[in-house]
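Letter by letter, the chains look like this.
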Amino acid sequence: MTFVRGASPVEALRRLGAEPVSEKLTAGEAASHPTADEGAWIARAAELDPGWSVVVELLSWQGARPELLEPLAADTEVVSVFSSGSGADVFHYAAGGQVVTWFEPTMPESCGGTEPDRFAEAMQRVGLGADEEFTSGPGGALELIRQEFGVELDRHLVLDAPLVAGLVRD
């Protein structure tokens, strides 16, 4: 999931390299879209309060690629949470055209960016500190986003709601 401040859902999709498709799709429809067989996949986007859009990628990791995050964040803020399902999770925060902070929620000592400790206190508050027992998944990172940026994600929105969709090609 990639959160973009001040961009519409369509603009957020375009900035991540997706070509808008005509219909709105649910997560299930996106996962079974016929383009998956052609080396492409569907990303979906929605507008959130206050002034953020979220791009949800089920089969890709565009929002976790620094080479896309940096230009995406040239004139705004971008927060990305990537979860592979196999335990490889990464949080990115980019602003002003650079990755400010990145870390692996299950291994917070694995971090970087221009300010790698930017969210150190927030990480402790949400259970991502060095003395915590770690579990895989984006839960702690999503709680950090809620606390630090005021952005809350609705599970129904991500999984069930038909959202604006875009085609991402290899």
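Residues numbered from 1 in each chain as written. Predicted model: local features only at pLDDT ≥ 70, side-chain atom pairs only at ≥ 80, totals over all residues. Heavy atoms only, no water.

As named in an unreviewed UniProt entry, the protein chain is DUF6461 domain-containing protein, taken from Saccharopolyspora cebuensis.

**Student:** Looking at this model, I keep getting lost on the pairing of strand β6 (residues 89-95). Mind explaining?
**Tutor:** Along any regular strand the residues' side chains alternate between the sheet's two faces. In terms of residue burial, β6 counts as a mostly covered element, since seven of its seven residues are buried. Residues Asp-89, Phe-91, Tyr-93 and Ala-95 point to one face of β6 and Val-90, His-92 and Ala-94 to the other, with burial holding for every one of them. Of the pairings in the sheet, the one linking strand β5 (residues 77-83) to β6 comprises seven bridges and is antiparallel in character. Within β6, the position partnered with Val-78 by the bridge is Ala-94. (Buried < 20%, exposed > 50% of the residue type's maximum accessible area, 1.4 Å probe, protein only. Helix = DSSP H or I, 4+ residues; strand = E, 2+ residues; numbered from the N terminus. Pairing = 2+ DSSP bridges.)

**Student:** Would you take a moment to explain the pattern of salt bridges for this structure?
**Tutor:** Side chains carrying opposite charge are able to pair once their charged atoms draw close together. The tally for this structure, following the rule as stated, stands at seven salt bridges. With a closest N to O distance of 2.8 Å, Glu-67 and Arg-65 form a salt bridge. Given a relative accessible area of 47%, Glu-67 falls into the partly exposed group. By relative accessible area, Arg-65 is classed as partly exposed at 21%. What you see here is one network of salt bridges that share partners, running through Glu-11, Arg-15 and Asp-75. (Salt bridge = Lys/Arg side-chain N within 4 Å of Asp/Glu carboxyl O.)

**Student:** How should the packing of aromatic side chains be read in this particular structure?
**Tutor:** Given two aromatic rings, one states the distance between the centres and the angle between the planes to describe the pair. This model, assessed by the stated rule, comprises six aromatic pairs. Centroid distance Trp-52 to Phe-149: 5.6 Å. Interplanar angle 70°. Geometry classified as edge-to-face. With a gap of 97 residues between them, Trp-52 in strand β4 (residues 52-57) and Phe-149 in helix α5 (residues 139-149) connect regions that are remote in the sequence. By relative accessible area, which is 1% here, Trp-52 ends up buried. Since its relative accessible area comes to 11%, Phe-149 is described here as buried. By the ring-pair criterion, three or more aromatic residues cluster together here, those being Trp-52, Phe-91, Tyr-93, Phe-103, Phe-119 and Phe-149. (Phe/Tyr/Trp six-rings, centres within 6.5 Å; stacked < 30°, edge-to-face > 60°.)

**Student:** Would you take a moment to explain the environment of Pro-66 for this structure?
**Tutor:** Tracing the sequence through the fold places Pro-66 in helix α3 (residues 66-72). The sequence separation of Pro-66 and Tyr-93 amounts to 27 residues, and the corresponding C-alpha distance is 9.9 Å. In this structure Pro-66 touches Pro-71, His-92 and Val-99, once residues within four positions along its chain are discounted. (Contact = heavy atoms within 4.5 Å.)

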